[in-house]
Amino acid sequence: MMQSDMETPLTPFSASKALEPLPIGPVIGIIGSGDLSRSLAIRLVASGFRVVVGSRDPDRVPRDLFPDGAEVRSQREAVDSAERVVFVAVYPEHYYTLAGLRERLAGKVLVDVSNATTLNGEQSNAERLAEMFPESRVVKAFNVISAWALQNGAYDGSKQVLICSNCSVSKDTVVQLARRLGFSPVDMGALCSSRSIEEAPLLLFPPWSGPVLATFLLFLFFYGYNFLKGVLLPYLVHGENKFFKLPMIMVNETLPAVALVTLALVYLPGLLAAVFQLSRGTKYQRFPGWLDFWMCRRKHLGLLSFLCAALHAVYSMCLSLRRSSGKSLLTADYQQVGSGASEMVWRADLYLSCGILGLGVLTLVAITSLPSVGNTLNWREFTFVQSGLGYTALTLSITHTLFFAWDFPFFAKAYPYYLPPAYLLSLILPCVVLVGRILLALPCLAFRLAKIRRGWESARHRPANAQGQAEPSQNFSDC
Ligand code: NAP
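Read on for a plain summary of the structure. Just so it is clear, the model here is predicted, and its values are computed rather than measured. (Residues numbered from 1 in each chain as written. Predicted model: local features only at pLDDT ≥ 70, side-chain atom pairs only at ≥ 80, totals over all residues. Heavy atoms only, no water.)

Description of the environment of Leu233
Within the secondary structure, Leu233 is located in helix α9 (residues 209-238). A relative accessible area of 19% places Leu233 in the buried class. Put simply, Leu233 and Pro416 are 183 residues apart on the chain and 9.1 Å apart in space, counted from C-alpha to C-alpha. Discounting chain neighbours no more than four positions away, the residues touching Leu233 are Leu228, His238, Tyr417 and Leu419. (Helix = DSSP H or I, 4+ residues; strand = E, 2+ residues; numbered from the N terminus. Buried < 20%, exposed > 50% of the residue type's maximum accessible area, 1.4 Å probe, protein only. Contact = heavy atoms within 4.5 Å.)

A closer look at the layout of surface pockets
By volume, the second largest pocket is sized at about 1,100 Å³. Where the lining of the second largest pocket is concerned, the elements lending two or more residues are α10 (249-280), α11 (289-296), α12 (298-324), α14 (343-368), α16 (379-405), α17 (422-440) and α18 (443-453). For the lining of the second largest pocket, the element with the highest residue contribution is α10, accounting for 8 residues. Across the lining of the second largest pocket, the residue classes tally to 21 nonpolar, 8 polar and 5 charged. (1 Å grid on protein atoms, 1.4 Å probe; cavity = no way out; pocket = protein on both sides within 12 Å on 5 of 7 lines; lining within 4 Å. Points joined across faces, edges and corners; volume = space filled by probe spheres on them. Nonpolar A, V, L, I, M, F, W, Y, C, P; charged D, E, K, R; others polar.)

Section: the nonpolar core
In this structure, Phe222, Tyr267, Tyr391, Leu394 and Val433 are the most contacted members of the largest nonpolar core, which totals 47 residues. Residue assignment for this core shows that the elements contributing at least two residues are α9, α10, α11, α12, α14, α16, α17 and α18. A per-element tally of this core places α10 first, with 17 residues. Excluding residues within four positions of it along the chain, Tyr391 makes contact with Tyr267, Leu271, Val433, Leu434 and Arg437. The next biggest cluster of nonpolar side chains, apart from the first, holds 32 residues, and it includes Leu36, Val51, Phe66 and Ile163. (Core = buried A, V, L, I, M, F, W, Y, C linked by side-chain atoms within 4.5 Å.)

Thoughts on the packing of aromatic side chains
Across all of its chains, the model carries 15 aromatic pairs by this definition. Seen in terms of ring centroids, Phe276 and Phe287 are 6.4 Å apart; in terms of plane orientation they differ by 55°. Their pairing is tilted. Taken together, the positions of Phe276 in helix α10 and Phe287 in the loop between α10 and α11 put the pair 11 residues apart, joining distant regions of the chain. Taking relative accessible area as the criterion, Phe276 reaches 22% and is therefore assigned partly exposed. Aromatic rings pair up to connect Phe276, Phe287, Trp290 and Trp294 into one cluster. Above the face of the Tyr391 ring, Arg437 is positioned so that its terminal group lies 5.6 Å from the ring centre. (Phe/Tyr/Trp six-rings, centres within 6.5 Å; stacked < 30°, edge-to-face > 60°. Lys NZ or Arg CZ within 6 Å of the ring centre and 35° of its normal.)

Examining a nonpolar patch on the surface
A contiguous nonpolar surface patch, about 400 Å² in accessible area, is contributed by Leu213, Phe216, Leu217 and Leu220. On the secondary structure map, Leu217 appears in helix α9. (Patch = residues over 30% accessible without salt bridge, like charges linked within 9 Å, V, L, I, M, F, W, Y side chains within 5 Å. Areas by Shrake-Rupley, 256 points an atom, 1.4 Å probe, with all protein chains shown as cover. Salt bridge = Lys/Arg side-chain N within 4 Å of Asp/Glu carboxyl O.)

Description of the packing of α14 against α16
Direction vectors running N to C along α14 and α16 enclose 155°, while the axes themselves pass 8 Å from each other. In terms of orientation, α14 and α16 fall into the roughly antiparallel class. Judged by the twist between their axes, the crossing of α14 over α16 is left-handed. Taken together, the residues of α16 that come into contact with α14 (itself represented by Arg347, Leu350, Tyr351, Cys354, Gly355, Leu357, Gly358, Val361, Leu362, Leu364, Val365 and Thr368) are Phe382, Val385, Gln386, Leu389, Gly390, Thr392, Ala393, Leu396, Thr399, His400, Phe403 and Phe404. Here the residues of the contact of α14 with α16 sort into 15 nonpolar, 8 polar and 1 charged. (Axes fitted to C-alpha atoms, helices over the stretch in contact; angles between N-to-C directions. Parallel < 35°, antiparallel > 145°, perpendicular 65-115°, else oblique. Left-handed = near helix turned anticlockwise from the far one by under 90°.)

Quick look at the environment of Asn252
Assignment of secondary structure puts Asn252 in helix α10. The spatial distance from the C-alpha of Asn252 to the C-alpha of His312 is 5.7 Å, given a sequence separation of 60 residues. Those residues in contact with Asn252 that sit more than four places away from it in its chain are His312, Tyr315, Ser316 and Leu319.

In short, geometric facts, not functional conclusions.
Here you go:
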(Lines give C-alpha, C1' and ligand atoms only; values in the text may rest on other atoms or scores of the structure.)
Protein backbone atom coordinates (compact mmCIF):
# COMPACT_ATOMS: atom_id res chain seq x y z
CA MET A 1 0.00 0.00 0.00
CA MET A 2 1.28 3.51 -0.82
CA GLN A 3 2.27 5.63 2.16
CA SER A 4 0.32 8.88 2.36
CA ASP A 5 2.28 12.15 2.03
CA MET A 6 1.22 13.17 5.49
CA GLU A 7 2.91 10.15 7.02
CA THR A 8 6.28 10.87 5.38
CA PRO A 9 8.48 13.10 7.56
CA LEU A 10 9.73 16.24 5.76
CA THR A 11 13.25 15.74 7.10
CA PRO A 12 14.86 12.41 7.95
CA PHE A 13 14.63 11.93 11.71
CA SER A 14 16.89 9.69 13.74
CA ALA A 15 15.63 8.75 17.19
CA SER A 16 19.13 8.19 18.52
CA LYS A 17 20.19 11.69 17.44
CA ALA A 18 17.17 13.26 19.15
CA LEU A 19 18.11 11.64 22.43
CA GLU A 20 21.77 12.71 22.28
CA PRO A 21 22.65 14.87 25.32
CA LEU A 22 23.82 18.39 24.68
CA PRO A 23 27.63 18.60 24.63
CA ILE A 24 29.06 20.13 27.80
CA GLY A 25 30.37 23.50 26.69
CA PRO A 26 33.40 25.41 27.91
CA VAL A 27 33.35 27.15 31.29
CA ILE A 28 32.64 30.87 31.23
CA GLY A 29 33.38 33.12 34.20
CA ILE A 30 31.27 36.10 35.28
CA ILE A 31 32.52 38.59 37.88
CA GLY A 32 29.61 40.14 39.80
CA SER A 33 26.30 38.55 40.79
CA GLY A 34 23.84 41.32 39.87
CA ASP A 35 21.05 41.60 37.30
CA LEU A 36 23.19 41.36 34.18
CA SER A 37 25.26 38.53 35.61
CA ARG A 38 22.11 36.51 36.37
CA SER A 39 20.61 37.10 32.89
CA LEU A 40 23.92 36.23 31.23
CA ALA A 41 24.19 33.05 33.28
CA ILE A 42 20.64 31.97 32.36
CA ARG A 43 21.31 32.57 28.66
CA LEU A 44 24.75 30.90 28.71
CA VAL A 45 23.48 27.80 30.53
CA ALA A 46 20.51 27.55 28.14
CA SER A 47 22.98 27.65 25.24
CA GLY A 48 25.03 24.75 26.59
CA PHE A 49 27.83 26.53 28.51
CA ARG A 50 28.91 25.97 32.10
CA VAL A 51 29.09 29.14 34.18
CA VAL A 52 31.02 30.08 37.30
CA VAL A 53 29.88 33.36 38.87
CA GLY A 54 32.46 35.20 40.97
CA SER A 55 31.10 37.14 43.92
CA ARG A 56 32.84 39.10 46.68
CA ASP A 57 30.73 37.10 49.13
CA PRO A 58 29.25 33.93 47.56
CA ASP A 59 27.37 33.00 50.76
CA ARG A 60 25.32 36.16 50.49
CA VAL A 61 23.96 35.22 47.04
CA PRO A 62 20.60 33.37 47.30
CA ARG A 63 20.92 29.75 46.10
CA ASP A 64 18.03 29.89 43.64
CA LEU A 65 19.13 33.17 42.01
CA PHE A 66 21.18 31.41 39.35
CA PRO A 67 20.16 28.44 37.18
CA ASP A 68 21.31 24.86 37.85
CA GLY A 69 24.23 24.89 35.43
CA ALA A 70 25.81 27.93 37.13
CA GLU A 71 27.92 27.85 40.30
CA VAL A 72 28.50 30.83 42.56
CA ARG A 73 32.05 30.97 43.96
CA SER A 74 34.60 33.57 44.98
CA GLN A 75 35.93 35.95 42.35
CA ARG A 76 39.31 34.13 42.32
CA GLU A 77 37.73 30.70 41.87
CA ALA A 78 35.52 32.01 39.04
CA VAL A 79 38.50 33.47 37.21
CA ASP A 80 40.57 30.29 37.69
CA SER A 81 37.71 28.06 36.51
CA ALA A 82 37.04 30.09 33.35
CA GLU A 83 38.80 28.47 30.41
CA ARG A 84 39.12 31.60 28.32
CA VAL A 85 36.26 34.09 28.65
CA VAL A 86 35.45 36.16 31.75
CA PHE A 87 32.60 38.70 31.77
CA VAL A 88 33.10 41.77 33.97
CA ALA A 89 29.55 42.49 35.20
CA VAL A 90 30.28 45.12 37.87
CA TYR A 91 29.96 48.89 37.52
CA PRO A 92 33.11 50.62 36.16
CA GLU A 93 33.58 52.62 39.34
CA HIS A 94 34.35 49.26 41.06
CA TYR A 95 36.91 48.05 38.51
CA TYR A 96 39.74 49.08 40.85
CA THR A 97 38.60 46.39 43.34
CA LEU A 98 39.55 43.75 40.76
CA ALA A 99 43.23 44.77 40.68
CA GLY A 100 44.20 41.73 42.81
CA LEU A 101 43.01 39.42 40.00
CA ARG A 102 45.47 40.87 37.43
CA GLU A 103 47.80 37.86 37.28
CA ARG A 104 44.98 35.32 37.30
CA LEU A 105 43.31 37.17 34.40
CA ALA A 106 46.48 37.30 32.28
CA GLY A 107 45.89 35.82 28.80
CA LYS A 108 42.11 35.62 29.30
CA VAL A 109 39.43 37.40 27.30
CA LEU A 110 37.78 40.08 29.49
CA VAL A 111 34.35 41.07 28.20
CA ASP A 112 33.40 44.58 29.32
CA VAL A 113 29.60 44.97 29.43
CA SER A 114 29.41 48.42 31.03
CA ASN A 115 27.60 51.49 29.74
CA ALA A 116 28.67 55.14 29.83
CA THR A 117 26.99 57.38 32.37
CA THR A 118 27.56 60.64 30.43
CA LEU A 119 27.89 61.57 26.76
CA ASN A 120 31.20 62.81 25.27
CA GLY A 121 33.44 61.43 28.05
CA GLU A 122 37.16 61.18 27.35
CA GLN A 123 38.23 57.57 27.99
CA SER A 124 35.86 54.62 27.65
CA ASN A 125 35.37 52.08 30.45
CA ALA A 126 36.74 49.33 28.18
CA GLU A 127 39.92 51.33 27.46
CA ARG A 128 40.34 51.91 31.17
CA LEU A 129 39.91 48.18 31.83
CA ALA A 130 42.51 47.42 29.11
CA GLU A 131 44.94 49.79 30.85
CA MET A 132 44.31 48.08 34.19
CA PHE A 133 44.78 44.58 32.74
CA PRO A 134 47.46 44.91 30.03
CA GLU A 135 48.02 41.15 29.88
CA SER A 136 44.35 40.35 29.27
CA ARG A 137 42.46 40.79 25.97
CA VAL A 138 39.62 43.26 26.53
CA VAL A 139 36.55 42.98 24.31
CA LYS A 140 33.64 45.41 24.49
CA ALA A 141 30.31 43.61 23.98
CA PHE A 142 26.74 42.98 25.19
CA ASN A 143 26.30 46.44 26.79
CA VAL A 144 23.55 47.42 24.31
CA ILE A 145 21.49 44.40 25.38
CA SER A 146 19.39 44.79 28.51
CA ALA A 147 19.32 42.13 31.20
CA TRP A 148 15.72 41.46 30.17
CA ALA A 149 16.60 40.97 26.47
CA LEU A 150 19.49 38.69 27.45
CA GLN A 151 17.14 36.42 29.35
CA ASN A 152 14.64 36.32 26.52
CA GLY A 153 17.44 35.68 24.05
CA ALA A 154 16.28 34.98 20.53
CA TYR A 155 12.60 35.47 21.31
CA ASP A 156 12.32 39.17 21.98
CA GLY A 157 14.16 42.44 22.48
CA SER A 158 17.02 43.89 20.49
CA LYS A 159 19.13 41.27 18.69
CA GLN A 160 22.25 43.23 17.75
CA VAL A 161 25.41 42.99 19.86
CA LEU A 162 28.05 45.60 19.02
CA ILE A 163 31.56 44.20 19.52
CA CYS A 164 35.02 45.77 19.36
CA SER A 165 38.53 44.87 20.51
CA ASN A 166 42.17 45.39 19.63
CA CYS A 167 42.68 41.60 19.56
CA SER A 168 40.98 40.08 16.53
CA VAL A 169 41.21 36.46 17.82
CA SER A 170 39.49 37.39 21.10
CA LYS A 171 36.91 39.44 19.21
CA ASP A 172 36.17 36.40 17.02
CA THR A 173 35.68 34.29 20.16
CA VAL A 174 33.08 36.75 21.48
CA VAL A 175 31.44 37.01 18.04
CA GLN A 176 30.98 33.20 18.01
CA LEU A 177 29.68 33.32 21.58
CA ALA A 178 27.11 36.02 20.76
CA ARG A 179 25.95 33.98 17.77
CA ARG A 180 25.56 30.86 19.94
CA LEU A 181 23.47 32.85 22.41
CA GLY A 182 21.08 33.76 19.57
CA PHE A 183 22.21 37.34 18.94
CA SER A 184 23.50 39.11 15.82
CA PRO A 185 27.08 40.25 16.40
CA VAL A 186 28.18 43.46 14.67
CA ASP A 187 31.95 43.96 14.35
CA MET A 188 32.65 47.59 15.26
CA GLY A 189 36.43 47.37 14.83
CA ALA A 190 39.11 48.31 17.35
CA LEU A 191 38.70 49.21 21.03
CA CYS A 192 38.68 52.94 20.18
CA SER A 193 35.04 52.40 19.05
CA SER A 194 34.09 51.40 22.59
CA ARG A 195 33.27 55.01 23.58
CA SER A 196 30.45 55.26 21.03
CA ILE A 197 29.26 51.71 21.84
CA GLU A 198 29.08 52.61 25.54
CA GLU A 199 27.15 55.78 24.72
CA ALA A 200 24.68 54.01 22.39
CA PRO A 201 22.18 53.09 25.16
CA LEU A 202 22.15 56.73 26.37
CA LEU A 203 21.04 58.25 23.07
CA LEU A 204 17.40 59.30 22.79
CA PHE A 205 16.19 58.96 19.18
CA PRO A 206 19.28 60.82 17.85
CA PRO A 207 18.23 61.17 14.17
CA TRP A 208 14.73 62.32 15.14
CA SER A 209 15.58 65.44 17.14
CA GLY A 210 16.04 67.77 14.12
CA PRO A 211 12.91 66.62 12.21
CA VAL A 212 10.76 66.63 15.38
CA LEU A 213 11.95 70.15 16.22
CA ALA A 214 11.30 71.39 12.66
CA THR A 215 7.79 69.85 12.65
CA PHE A 216 7.04 71.27 16.08
CA LEU A 217 8.19 74.77 15.06
CA LEU A 218 6.06 74.58 11.91
CA PHE A 219 3.09 73.51 14.03
CA LEU A 220 3.66 76.43 16.40
CA PHE A 221 3.93 78.87 13.50
CA PHE A 222 0.75 77.75 11.72
CA TYR A 223 -1.23 77.30 14.93
CA GLY A 224 -0.12 80.75 16.12
CA TYR A 225 -0.98 82.26 12.75
CA ASN A 226 -4.45 80.63 12.71
CA PHE A 227 -5.00 81.72 16.30
CA LEU A 228 -4.11 85.32 15.47
CA LYS A 229 -6.24 85.43 12.33
CA GLY A 230 -9.18 83.27 13.33
CA VAL A 231 -9.55 83.88 17.07
CA LEU A 232 -7.53 86.75 18.54
CA LEU A 233 -8.15 89.49 15.95
CA PRO A 234 -11.92 88.75 15.63
CA TYR A 235 -12.10 88.97 19.43
CA LEU A 236 -10.07 92.19 19.73
CA VAL A 237 -11.59 93.98 16.72
CA HIS A 238 -15.21 92.76 16.70
CA GLY A 239 -15.61 91.24 20.16
CA GLU A 240 -16.47 87.84 18.60
CA ASN A 241 -15.77 84.87 20.88
CA LYS A 242 -14.30 82.06 18.75
CA PHE A 243 -12.11 80.47 21.41
CA PHE A 244 -14.14 77.24 21.07
CA LYS A 245 -12.12 76.62 17.88
CA LEU A 246 -8.85 76.08 19.78
CA PRO A 247 -8.94 72.31 20.56
CA MET A 248 -10.36 70.83 17.35
CA ILE A 249 -10.99 73.19 14.45
CA MET A 250 -7.70 75.06 14.67
CA VAL A 251 -5.66 71.93 15.21
CA ASN A 252 -7.33 70.47 12.12
CA GLU A 253 -6.54 73.63 10.14
CA THR A 254 -2.91 73.51 11.29
CA LEU A 255 -2.15 69.83 10.69
CA PRO A 256 -2.54 69.80 6.87
CA ALA A 257 -0.34 72.90 6.55
CA VAL A 258 2.37 71.23 8.64
CA ALA A 259 2.02 67.95 6.71
CA LEU A 260 2.33 69.75 3.37
CA VAL A 261 5.34 71.88 4.27
CA THR A 262 7.10 68.93 5.98
CA LEU A 263 6.56 66.83 2.85
CA ALA A 264 8.08 69.65 0.78
CA LEU A 265 11.05 69.64 3.18
CA VAL A 266 11.60 65.97 2.29
CA TYR A 267 12.14 66.79 -1.38
CA LEU A 268 13.76 70.23 -1.14
CA PRO A 269 17.28 68.97 -0.13
CA GLY A 270 17.34 66.64 -3.15
CA LEU A 271 16.63 69.64 -5.40
CA LEU A 272 19.28 71.74 -3.66
CA ALA A 273 21.80 68.90 -4.07
CA ALA A 274 21.00 68.79 -7.80
CA VAL A 275 21.45 72.58 -8.06
CA PHE A 276 24.84 72.31 -6.28
CA GLN A 277 25.99 69.56 -8.63
CA LEU A 278 24.79 71.40 -11.74
CA SER A 279 26.42 74.68 -10.74
CA ARG A 280 29.70 73.02 -9.69
CA GLY A 281 29.79 70.69 -12.69
CA THR A 282 30.95 67.77 -10.53
CA LYS A 283 29.64 65.39 -7.92
CA TYR A 284 33.07 64.99 -6.30
CA GLN A 285 32.77 68.02 -4.02
CA ARG A 286 31.13 67.53 -0.67
CA PHE A 287 27.82 69.21 0.05
CA PRO A 288 27.77 71.72 2.90
CA GLY A 289 27.34 70.07 6.31
CA TRP A 290 23.79 71.38 6.80
CA LEU A 291 22.68 69.83 3.49
CA ASP A 292 24.27 66.46 4.38
CA PHE A 293 22.47 66.59 7.73
CA TRP A 294 19.16 67.50 6.06
CA MET A 295 19.48 64.72 3.43
CA CYS A 296 20.00 62.14 6.20
CA ARG A 297 16.78 63.27 7.92
CA ARG A 298 14.42 63.00 4.91
CA LYS A 299 12.95 59.68 6.01
CA HIS A 300 12.10 61.06 9.45
CA LEU A 301 10.55 64.22 7.98
CA GLY A 302 8.48 62.03 5.64
CA LEU A 303 7.18 59.89 8.50
CA LEU A 304 6.29 63.01 10.52
CA SER A 305 4.47 64.44 7.50
CA PHE A 306 2.56 61.16 7.24
CA LEU A 307 1.68 61.36 10.93
CA CYS A 308 0.28 64.90 10.53
CA ALA A 309 -1.69 63.90 7.41
CA ALA A 310 -3.14 60.85 9.17
CA LEU A 311 -4.12 62.95 12.19
CA HIS A 312 -5.72 65.52 9.87
CA ALA A 313 -7.81 62.71 8.31
CA VAL A 314 -8.99 61.53 11.74
CA TYR A 315 -9.75 65.07 12.95
CA SER A 316 -11.69 65.82 9.74
CA MET A 317 -13.75 62.66 10.15
CA CYS A 318 -14.55 63.50 13.77
CA LEU A 319 -15.49 67.07 12.87
CA SER A 320 -17.78 66.04 10.01
CA LEU A 321 -19.43 63.42 12.23
CA ARG A 322 -20.01 66.12 14.83
CA ARG A 323 -21.47 68.48 12.25
CA SER A 324 -23.70 65.76 10.80
CA SER A 325 -25.27 64.85 14.10
CA GLY A 326 -28.65 66.49 14.15
CA LYS A 327 -28.49 67.23 10.40
CA SER A 328 -28.41 65.04 7.33
CA LEU A 329 -24.98 64.71 5.72
CA LEU A 330 -26.57 64.97 2.30
CA THR A 331 -27.41 68.60 2.63
CA ALA A 332 -28.35 71.36 0.27
CA ASP A 333 -25.21 70.99 -1.84
CA TYR A 334 -26.23 67.58 -3.09
CA GLN A 335 -29.83 68.65 -3.56
CA GLN A 336 -28.52 71.43 -5.82
CA VAL A 337 -27.03 68.89 -8.30
CA GLY A 338 -30.42 68.33 -9.82
CA SER A 339 -30.96 72.06 -10.29
CA GLY A 340 -27.58 72.45 -12.02
CA ALA A 341 -25.85 74.33 -9.18
CA SER A 342 -23.31 71.55 -8.63
CA GLU A 343 -20.09 73.58 -8.31
CA MET A 344 -19.80 73.11 -4.57
CA VAL A 345 -20.35 69.36 -4.91
CA TRP A 346 -17.53 69.17 -7.46
CA ARG A 347 -15.34 71.21 -5.20
CA ALA A 348 -16.04 69.08 -2.11
CA ASP A 349 -15.65 65.76 -3.94
CA LEU A 350 -12.43 66.72 -5.74
CA TYR A 351 -11.02 68.10 -2.50
CA LEU A 352 -11.85 64.94 -0.55
CA SER A 353 -10.78 62.59 -3.30
CA CYS A 354 -7.34 64.22 -3.74
CA GLY A 355 -6.87 64.21 0.03
CA ILE A 356 -7.74 60.52 0.37
CA LEU A 357 -5.54 59.55 -2.61
CA GLY A 358 -2.68 61.70 -1.29
CA LEU A 359 -2.88 60.05 2.12
CA GLY A 360 -3.02 56.60 0.51
CA VAL A 361 0.11 57.23 -1.60
CA LEU A 362 1.90 58.80 1.37
CA THR A 363 1.06 55.68 3.40
CA LEU A 364 2.82 53.54 0.77
CA VAL A 365 5.88 55.81 0.86
CA ALA A 366 5.93 55.72 4.67
CA ILE A 367 5.62 51.93 4.81
CA THR A 368 8.46 51.36 2.32
CA SER A 369 10.74 53.62 4.36
CA LEU A 370 10.65 51.04 7.17
CA PRO A 371 13.85 48.96 6.97
CA SER A 372 12.05 45.60 7.05
CA VAL A 373 9.97 46.58 3.99
CA GLY A 374 12.59 48.71 2.21
CA ASN A 375 15.10 45.84 2.36
CA THR A 376 12.85 43.70 0.17
CA LEU A 377 13.02 46.25 -2.69
CA ASN A 378 15.85 46.68 -5.15
CA TRP A 379 17.36 50.14 -5.64
CA ARG A 380 15.16 50.98 -8.66
CA GLU A 381 11.96 49.97 -6.87
CA PHE A 382 12.97 51.91 -3.77
CA THR A 383 13.71 55.09 -5.81
CA PHE A 384 10.43 54.66 -7.70
CA VAL A 385 8.44 54.54 -4.46
CA GLN A 386 10.38 57.16 -2.50
CA SER A 387 10.85 59.66 -5.31
CA GLY A 388 8.12 58.88 -7.90
CA LEU A 389 5.30 58.10 -5.50
CA GLY A 390 6.59 60.72 -3.04
CA TYR A 391 6.22 63.48 -5.63
CA THR A 392 2.79 62.05 -6.55
CA ALA A 393 1.76 62.39 -2.89
CA LEU A 394 3.09 65.95 -2.85
CA THR A 395 1.16 66.84 -6.03
CA LEU A 396 -2.05 65.28 -4.69
CA SER A 397 -1.66 67.14 -1.40
CA ILE A 398 -1.17 70.43 -3.26
CA THR A 399 -4.28 69.82 -5.41
CA HIS A 400 -6.19 68.81 -2.26
CA THR A 401 -5.36 72.23 -0.78
CA LEU A 402 -6.08 74.07 -4.07
CA PHE A 403 -9.53 72.44 -4.32
CA PHE A 404 -10.14 73.38 -0.70
CA ALA A 405 -9.24 77.00 -1.52
CA TRP A 406 -11.24 76.92 -4.82
CA ASP A 407 -11.90 80.56 -5.84
CA PHE A 408 -11.99 81.82 -2.27
CA PRO A 409 -8.50 83.46 -2.35
CA PHE A 410 -9.68 85.71 -5.24
CA PHE A 411 -12.11 87.53 -2.95
CA ALA A 412 -11.13 90.28 -0.51
CA LYS A 413 -13.00 88.59 2.35
CA ALA A 414 -10.31 85.83 2.32
CA TYR A 415 -7.86 88.42 3.69
CA PRO A 416 -9.35 89.70 6.95
CA TYR A 417 -6.93 92.04 8.73
CA TYR A 418 -4.81 91.87 5.53
CA LEU A 419 -3.65 88.36 6.46
CA PRO A 420 -3.75 85.61 3.77
CA PRO A 421 -5.28 82.24 4.70
CA ALA A 422 -2.81 79.76 6.27
CA TYR A 423 -3.36 77.22 3.51
CA LEU A 424 -2.07 79.76 0.95
CA LEU A 425 1.11 80.20 3.01
CA SER A 426 1.49 76.43 3.30
CA LEU A 427 1.39 76.11 -0.50
CA ILE A 428 4.42 78.35 -1.17
CA LEU A 429 7.23 75.89 -0.39
CA PRO A 430 5.54 72.79 -1.91
CA CYS A 431 4.86 74.71 -5.14
CA VAL A 432 8.50 75.90 -5.27
CA VAL A 433 9.63 72.27 -4.85
CA LEU A 434 7.26 71.02 -7.54
CA VAL A 435 8.28 73.73 -10.03
CA GLY A 436 11.95 73.02 -9.23
CA ARG A 437 11.38 69.32 -9.94
CA ILE A 438 9.68 70.10 -13.25
CA LEU A 439 12.59 72.37 -14.24
CA LEU A 440 15.09 69.63 -13.39
CA ALA A 441 13.15 67.24 -15.63
CA LEU A 442 13.80 69.52 -18.66
CA PRO A 443 16.06 67.51 -21.02
CA CYS A 444 18.95 70.01 -21.02
CA LEU A 445 19.22 69.93 -17.21
CA ALA A 446 18.21 66.28 -16.70
CA PHE A 447 20.83 65.06 -19.18
CA ARG A 448 23.63 67.13 -17.64
CA LEU A 449 22.65 66.04 -14.12
CA ALA A 450 22.57 62.38 -15.15
CA LYS A 451 26.09 62.75 -16.64
CA ILE A 452 27.40 64.38 -13.47
CA ARG A 453 25.90 61.63 -11.32
CA ARG A 454 27.68 59.01 -13.47
CA GLY A 455 31.05 60.66 -12.84
CA TRP A 456 31.41 63.29 -15.59
CA GLU A 457 33.11 66.55 -14.52
CA SER A 458 33.31 69.92 -16.24
CA ALA A 459 36.80 70.89 -17.51
CA ARG A 460 37.55 73.18 -14.55
CA HIS A 461 37.12 70.32 -12.07
CA ARG A 462 38.88 67.52 -13.94
CA PRO A 463 42.14 66.47 -12.22
CA ALA A 464 45.32 67.56 -14.03
CA ASN A 465 47.54 64.90 -15.63
CA ALA A 466 51.34 64.70 -15.27
CA GLN A 467 51.78 67.52 -17.79
CA GLY A 468 49.51 69.76 -15.76
CA GLN A 469 46.68 69.58 -18.35
CA ALA A 470 43.13 68.71 -17.44
CA GLU A 471 42.36 65.03 -18.16
CA PRO A 472 39.96 64.65 -21.11
CA SER A 473 36.52 63.47 -20.15
CA GLN A 474 36.51 59.69 -20.70
CA ASN A 475 32.91 58.69 -20.87
CA PHE A 476 30.97 61.64 -22.13
CA SER A 477 31.29 64.58 -24.46
CA ASP A 478 31.56 68.03 -22.87
CA CYS A 479 28.18 69.14 -24.21
P1 NAP B 1 24.06 45.26 39.71
O2 NAP B 1 22.78 44.50 39.66
O3 NAP B 1 24.16 46.39 40.66
O4 NAP B 1 25.23 44.23 39.98
C5 NAP B 1 26.54 44.67 40.08
C6 NAP B 1 27.34 43.64 40.87
O7 NAP B 1 28.62 44.20 41.13
C8 NAP B 1 26.77 43.33 42.26
O9 NAP B 1 25.86 42.30 42.21
C10 NAP B 1 27.99 43.00 43.06
O11 NAP B 1 28.27 41.60 42.98
C12 NAP B 1 29.10 43.74 42.38
N13 NAP B 1 29.45 44.92 43.20
C14 NAP B 1 28.62 45.79 43.78
N15 NAP B 1 29.32 46.72 44.47
C16 NAP B 1 30.63 46.41 44.32
C17 NAP B 1 31.83 46.98 44.79
N18 NAP B 1 31.82 48.06 45.56
N19 NAP B 1 32.98 46.41 44.42
C20 NAP B 1 33.01 45.32 43.63
N21 NAP B 1 31.88 44.73 43.14
C22 NAP B 1 30.72 45.26 43.50
O23 NAP B 1 24.41 45.84 38.26
P24 NAP B 1 24.01 45.24 36.83
O25 NAP B 1 22.72 45.79 36.43
O26 NAP B 1 24.20 43.76 36.81
O27 NAP B 1 25.14 45.92 35.90
C28 NAP B 1 26.47 45.46 35.90
C29 NAP B 1 27.17 46.04 34.67
O30 NAP B 1 26.42 45.66 33.51
C31 NAP B 1 27.19 47.58 34.67
O32 NAP B 1 28.43 48.01 34.19
C33 NAP B 1 26.09 47.96 33.71
O34 NAP B 1 26.36 49.18 33.02
C35 NAP B 1 26.12 46.81 32.73
N36 NAP B 1 24.85 46.58 32.03
C37 NAP B 1 23.71 46.32 32.73
C38 NAP B 1 22.52 46.10 32.03
C39 NAP B 1 21.23 45.78 32.74
O40 NAP B 1 20.17 45.67 32.07
N41 NAP B 1 21.24 45.60 34.03
C42 NAP B 1 22.50 46.16 30.62
C43 NAP B 1 23.68 46.43 29.96
C44 NAP B 1 24.86 46.62 30.69
P45 NAP B 1 28.88 40.77 44.25
O46 NAP B 1 28.25 41.38 45.47
O47 NAP B 1 28.47 39.39 44.01
O48 NAP B 1 30.36 40.97 44.18
